[in-house]
Amino acid sequence: MQNQQPIPGMMRGAPLTLAICLVLCPLLDGPRLSWGQAGSGPVLLYNTFTDGNDAGWTQINRYWHVWHGRYSLDAGYRPDAVDRSGISVTHAGDQTWRNYLFEALFDNINPAGRPSPDVHNAFFFVRVQSPPPNGTFYRIQVWPRWTTDPRGRLGRIPAGLVQLEKFENGNVTAYVFNENSNSVAGTNEIAVSAVGGQIAIWINGQNVLTYTDKTPLLYGGVGIGAIWEAQAWFDNVKVTSIP
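From a predicted model like this one, the values you see are computed outputs, not experimental measurements.

Visitor: Help me understand the pattern of salt bridges in this model?
Guide: Oppositely charged side chains are able to pair whenever their charged atoms sit close together. Counting across every chain of the model gives 7 salt bridges. Linking Arg 139 and Glu 165 is a salt bridge whose minimum nitrogen-to-oxygen distance equals 2.9 Å. Of this pair, Arg 139 sits in strand 8 (residues 136-143) while Glu 165 sits in strand 11 (residues 161-168), placing them 26 residues apart in sequence. When its relative accessible area of 14% is taken as the criterion, Arg 139 is described as buried. As a salt-bridge pair, Arg 151 and Asp 149 come within 2.8 Å of each other at their nearest N and O atoms. Residue classification places Arg 151 among the buried residues on the basis of a relative accessible area of 2%. Residue class for Asp 149 comes out buried when judged on its relative accessible area of 10%. Residues joined by salt bridges that share partners form a network here, namely Asp 149, Arg 151 and Glu 179.

In C-alpha cells:
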C-alpha cells in the first residue's frame, strides 16, 4: 500500500517532494541484493574501537566517547551544536566510496547501563556527501518495538519502525518506511547496502526495507547517531566495497 502524505516532525522548513509510505510491504521496485551477496570487495573501513579513540570520525551536536571498546553517544551538547540529535560521520564527501555494504552492532535501549530517556532510536547514514543536519545524505532511523509513534500520531507501533529519508542540502526529498524494525531490546546488527540507486536494509538478518531511488546520491561516507538526548552505543562498524 502506498500513500503520499505530509510527514510530521521533519526538519524545520524541509520541502517534501516525495513521500512514499509503506505499511505492509517493505520492498519497492528493483532487484533485491541479499546480504550474503553484498560486500565482496575490499574493506574500506573497520572500527572495533578497541584502540580507545575515534580517529577519522567527526562528532556533530553531542559528545561521543570510546568506552569499553564501544563507540558511545553518552554525553551533553557541544558548543557548536546546531541540532539536538547526536551524530558522528566519517569519509563525508569521499567520491571513492560509491557502492558498499555498511554494517554495525548497536544498542539504543540498554547502552552499557547508562541512563537514557524514554525515547529510543538509532540513526545510520549512507552516501554522506556533506554532513548532517544541513547536508546531503541518506538517513535511516531504527525505532524499537512498541515505540511511541515518532510521526506525531497517537499510539505505539508494536513491531517497531524503520524510516529511510533522502536529504539534499538539509531538505527531505524522499521518504519511505516500514512498520517492522525486527529489533530487540539489547544488541542488534544492521547492514545497509548502497548499490547504484538501490538502498537495502537488514536488521538482525531480516530485509526490512529496500528502496530504489530514481535520482540517487551515488557516493559519500557513513554515519551513526541517535535522537535528542538518547544514549546509544555502536561497535564493529565495517564498510566493504561492492564491485
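Visitor: Could you clarify how one ought to interpret the side chain of Thr 90 in this entry?
Guide: By secondary structure assignment, the location of Thr 90 is in strand 5 (residues 86-90). A distance of 2.9 Å separates a polar atom in the side chain of Thr 90 from the backbone oxygen of Gly 56. Once residues lying within four places of it in the same chain are set aside, the contact partners of Thr 90 are Leu 45, Gly 56, Trp 57, Gly 221 and Val 222.

Visitor: Help me out: how do you make sense of the nonpolar core in this one?
Guide: For soluble globular proteins, the rule of thumb is that nonpolar side chains tend to be buried together. Counting 54 residues, the largest nonpolar core has Phe 102, Phe 124, Ile 190 and Ile 201 as the members making the most contacts within it. Here this core gets 6 residues from one element, more than from any other, and that element is strand 7 (residues 122-130). The residues contacting Phe 102, other than those within four sequence positions of it, are Phe 124, Phe 125, Val 126, Ile 190, Ala 191, Val 192, Val 222, Gly 223, Ile 224, Val 237, Lys 238 and Val 239. Within the second largest apolar cluster, 5 residues are counted, among which are Ala 191, Ala 200, Trp 202 and Ile 242.

Visitor: What exactly am I supposed to notice about the pairing of strand 6 (residues 100-107) here?
Guide: Extensive coverage of strand 6 is indicated by the burial of 7 of its 8 residues. The sheet contact formed by strand 6 and strand 13 (residues 188-195) spans 7 bridges and is antiparallel. Bridge assignment links Phe 106 to a residue of strand 13, and that residue is Asn 188. The sheet contact formed by strand 6 and strand 17 (residues 232-241) spans 7 bridges and is antiparallel. Residue pairing across strands places Leu 101 opposite Thr 240, the latter belonging to strand 17.

Visitor: Looking at this structure, how should I read unusual backbone geometry?
Guide: Peptide bonds are, in most cases, trans, and in most cases residues other than glycine have a negative phi. Residues Pro 132 and Pro 133 are joined by a peptide bond in cis, for which omega reads 0°. Within the secondary structure layout, Pro 133 lies in the loop between strand 7 and strand 8. The phi dihedral of His 91 falls on the positive side, at around 60°, and the residue is not glycine. Along the chain, the position of His 91 falls in the loop between strand 5 and strand 6. What makes His 91 partly exposed here is its relative accessible area of 32%. The backbone phi angle of Asn 204 is positive, close to 50°, even though this residue is not glycine. Turning to its location among the elements, Asn 204 is positioned in the loop between strand 14 (198-203) and strand 15 (206-212).

Visitor: It is not clear to me how the sheet that holds strand 5 should be interpreted in this structure. Could you clarify?
Guide: To summarise the sheet geometry, strands pair through backbone hydrogen bonds and adopt either a parallel or an antiparallel arrangement. Pairing is antiparallel across the open sheet formed by 7 strands, whose spatial order is 2-5-16-7-8-11-12. The outermost strands of the open sheet, each flanked by one partner alone, are strand 2 (58-60) and strand 12 (171-178). Across the sheet, the axes of successive neighbouring strands diverge by a mean angle of 20°, strand direction being ignored.

So, how was this worked out
- Residue indices follow the written sequence of each chain, beginning from 1 at its first position.
- Since the coordinates come from a predicted model, pLDDT governs what is reported: local features require at least 70, and pairs of side-chain atoms require 80 or more to be given and counted, while whole-chain, interface and lining totals use all residues.
- The side-chain numbers reported here are obtained from all heavy atoms of the structure, hydrogens and water having been left aside.
- Whenever a carboxyl oxygen of Asp or Glu lies within 4 Å of a side-chain nitrogen of Lys or Arg, that contact is scored as a salt bridge.
- Segments assigned H or I by DSSP are reported as helices when at least four residues long, segments assigned E as strands when at least two residues long, and all are numbered from the N terminus.
- Categorising residues by exposure relies on relative accessible area from a 1.4 Å probe, with only protein chains included: less than 20% of the type maximum marks a residue as buried, more than 50% marks it as exposed, and the intermediate range marks it as partly exposed.
- Between N or O atoms, a polar contact is any pair within 3.5 Å; within protein, one atom must be a potential hydrogen donor and the other a potential acceptor, and residues adjacent in sequence are included only when both atoms are from side chains.
- Note on definitions: a residue-residue contact is assigned when non-hydrogen atoms from the two residues lie within 4.5 Å.
- Take the buried residues of types Ala, Val, Leu, Ile, Met, Phe, Trp, Tyr and Cys, join any two whose side-chain atoms come within 4.5 Å, and each joined set is a nonpolar core.
- Two strands form a pair only when DSSP identifies at least two bridges running between them.
- Orientation is described by lines fitted to C-alpha atoms, with helices fitted over the stretch in contact, and by angles between N-to-C directions that extend from 0 to 180 degrees.

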